[in-house]
Amino acid sequence: MTKKMKKIGVMTSGGDAPGMNAAIRAIVRACTYYNIECVGIYRGYQGLIEGDFVNLNARSVSNIINRGGTILKSARSKEFMTKEGRAKAYENLKRAEIDGIVLIGGDGTFTGGMIFNEEYNFPCIGVPGTIDNDIFGTNYTIGYDTALNTVVQAIDKIRDTASSHNRLFFVEVMGRDAGFIALNAGVGAGAEEILIPEENMGLDRLLESLKRTKRSGKSSSIVVIAEGDKIGKNVFELANYVEENLKQYEVRVSVLGHMQRGGSPSCFDRVLASRLGVKAVELLLDGKSNVMVGLVNNKVETTELELAVKGHHAINKELIRVSDMMSI
């Protein structure tokens, strides 16, 4: 392997996700293995603009593989959306003698890297870190598995109360544009109905389904709803509508919110982050750029950043069919 680079930067951007620290650790230690320097960039693109850098070595990332969040912090940066902001970022990278950068984040992070690469031909490799699992070019994103487990555990606890009080619970999970968390966690937790942005169930069909559930003898039900579902303006209005039209139900709402992003990453996310982090460093050393590393059929593959951002990660239709059968 030809080592053309002497120093690699790493940053996390966008929403945090469990496993980001494991990815940082893998990148730093891969750099150490190949005898090159690694620089951490605090607060994403904003830190890039402000030159908020720190030298990292193998000991700097000890005992972080089990920690949620990101030790490098994360922040949105409107300034990086301007040419002037990106020019500052480039000057800081050159001043620090950083030869390439690994970007851990989602589609917004990759869009910024893609534009930066086009303007300055600066080597960038993307590592998908987002709980939403909505990035094309990988079966799983870092943080998704942990978020699923967090949601399922929460729904299990909510079901205890639902069954004790004969209630219908609407449980809202993250997923503004994608229903991966809602669909998989809903099936895993045995939800009676699952509402996702990709499938518009409609109010009438939802009511009929809940009536059928009641007739079958169920005294309590769980409906998992992605925050981006189009069936109602919001989960509270939807709950009110159901309670007004189905008097036999006492309805409650639980919005899980940002708890889904936190917590110690699962073993799967730790291993995934380690594999992708190492591959990202090796790609930079091989002279590759403007691609994302991902897991496809359990193999680490690369996808052009533009395709990763613009491609469509389709929802699993088979799982939708399974969820319909399980709701009987």
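Just above sits the structure.
Residues numbered from 1 in each chain as written. Predicted model: local features only at pLDDT ≥ 70, side-chain atom pairs only at ≥ 80, totals over all residues. Heavy atoms only, no water.

(A) Region of interest: the packing of helix 7 (residues 203-215) against helix 8 (residues 235-245). Relative to each other, helix 7 and helix 8 sit at 55°, their axes nearing to 11 Å. By the angle class used here, helix 7 and helix 8 are oblique. Here helix 7 and helix 8 pass one another in a crossing that is right-handed. Where helix 7 abuts helix 8, its residues L203, L206, L207 and L210 lie against L238, Y241, V242 and N245. Tallied by class, residues from the contact of helix 7 with helix 8 come to seven nonpolar, one polar and no charged. (Axes fitted to C-alpha atoms, helices over the stretch in contact; angles between N-to-C directions. Helix = DSSP H or I, 4+ residues; strand = E, 2+ residues; numbered from the N terminus. Parallel < 35°, antiparallel > 145°, perpendicular 65-115°, else oblique. Left-handed = near helix turned anticlockwise from the far one by under 90°. Contact = heavy atoms within 4.5 Å. Nonpolar A, V, L, I, M, F, W, Y, C, P; charged D, E, K, R; others polar.)

(B) Region of the structure containing the packing of aromatic side chains. Scanning the model with the defined rule gives nine aromatic pairs in all. Ring geometry for Y33 against Y34: centres 5.0 Å apart, planes inclined by 90°, an arrangement best described as edge-to-face. With centroids separated by 5.8 Å and ring planes inclined at 40°, the aromatic side chains of F80 and F116 adopt a geometry described as tilted. Separated by 36 residues along the polypeptide, F80 in the loop between strand 3 (53-56) and helix 3 (83-95) and F116 in helix 4 (residues 107-120) bring together distant segments of the chain. We note that F80, like F116, is buried. Members of the aromatic cluster, joined through ring pairs, are Y45, F80, Y90, F116, Y120 and F122. (Phe/Tyr/Trp six-rings, centres within 6.5 Å; stacked < 30°, edge-to-face > 60°. Buried < 20%, exposed > 50% of the residue type's maximum accessible area, 1.4 Å probe, protein only.)

(C) Spatial organisation of the nonpolar core. Counting residues in each nonpolar core, the largest one holds 67 residues, and the members touching the most others are I222 and V281. Among residues more than four places away in sequence, those in contact with I222 are I155, I158, R159, A162, F169, V171, A191, E192 and E193. (Core = buried A, V, L, I, M, F, W, Y, C linked by side-chain atoms within 4.5 Å.)

(D) Local environment of the layout of surface pockets. Quantified by volume, the largest pocket comes out at close to 970 Å³. Of all the secondary-structure elements, those providing two or more residues to the lining of the largest pocket are helix 4 and helix 10 (305-310). Looking at which element gives the most residues to the lining of the largest pocket, the answer is helix 4, with six residues. (1 Å grid on protein atoms, 1.4 Å probe; cavity = no way out; pocket = protein on both sides within 12 Å on 5 of 7 lines; lining within 4 Å. Points joined across faces, edges and corners; volume = space filled by probe spheres on them.)

(E) Inspection of the environment of L207 at higher detail. With respect to the helices, strands and loops of the structure, L207 is situated in helix 7. Separated by 38 residues in the primary sequence, L207 and N245 place their C-alpha atoms 7.9 Å from one another. Those residues in contact with L207 that lie beyond four places of it in its chain are Y241, V242, N245 and L246.

(F) Inspection of the pattern of salt bridges at higher detail. One pass over the full model with this rule turns up 12 salt bridges. Across the salt bridge formed by E306 and K310, the nearest N and O atoms sit 3.1 Å from each other. A residue pair is termed a helical-turn pair when its members lie 3 or 4 positions apart in one helix, as E306 and K310 do in helix 10 at four residues. Residue classification places E306 among the partly exposed residues on the basis of a relative accessible area of 42%. (Salt bridge = Lys/Arg side-chain N within 4 Å of Asp/Glu carboxyl O.)

(G) Quick look at the state of the cysteines. Using the criterion set out here, one finds zero disulfides in the structure. In this structure C31 is a free cysteine whose sulfur lies 4.1 Å from that of C38, the closest cysteine sulfur available. Under the relative-accessibility criterion, C31 is labelled buried at 0%. (Disulfide = S-S within 2.5 Å.)

(H) Broad picture of the sheet that holds strand 3. Pairing is mixed across the open sheet formed by seven strands, whose spatial order is 3-2-1-4-5-10-11. In this open sheet, the two edge strands, each paired with only one partner strand, are strand 3 and strand 11 (299-304). Strand after strand, the sheet turns through a mean of 30° between neighbouring axes, direction not considered. Pairing geometry for strand 1 (residues 7-12) and strand 2 (residues 37-41), over five bridges, is parallel. Considered in strand 2, the bridge of I8 is made with C38. Across the sheet, helix 1 (residues 20-33) lies against strand 1, strand 2, strand 3 and strand 4 (100-105), angled at about 160° from strand 4, the strand it touches most. (Pairing = 2+ DSSP bridges.)

(I) Local environment of unusual backbone geometry. With a phi angle near 60°, N35 is a residue other than glycine that sits in the positive phi range. Along the chain, the position of N35 falls in the loop between helix 1 and strand 2.

(J) The packing of helix 1 against helix 9 (residues 267-285), seen in detail. Direction vectors running N to C along helix 1 and helix 9 enclose 40°, while the axes themselves pass 7 Å from each other. Taken together, the axis directions place helix 1 and helix 9 in an arrangement best described as oblique. Regarding helix 1 and helix 9, the two cross each other, and that crossing is right-handed. Counting all contacts with helix 1, which are made through A22, A23, A26, I27, A30 and C31, the residues of helix 9 involved are R270, A273, S274, G277, V278 and V281.

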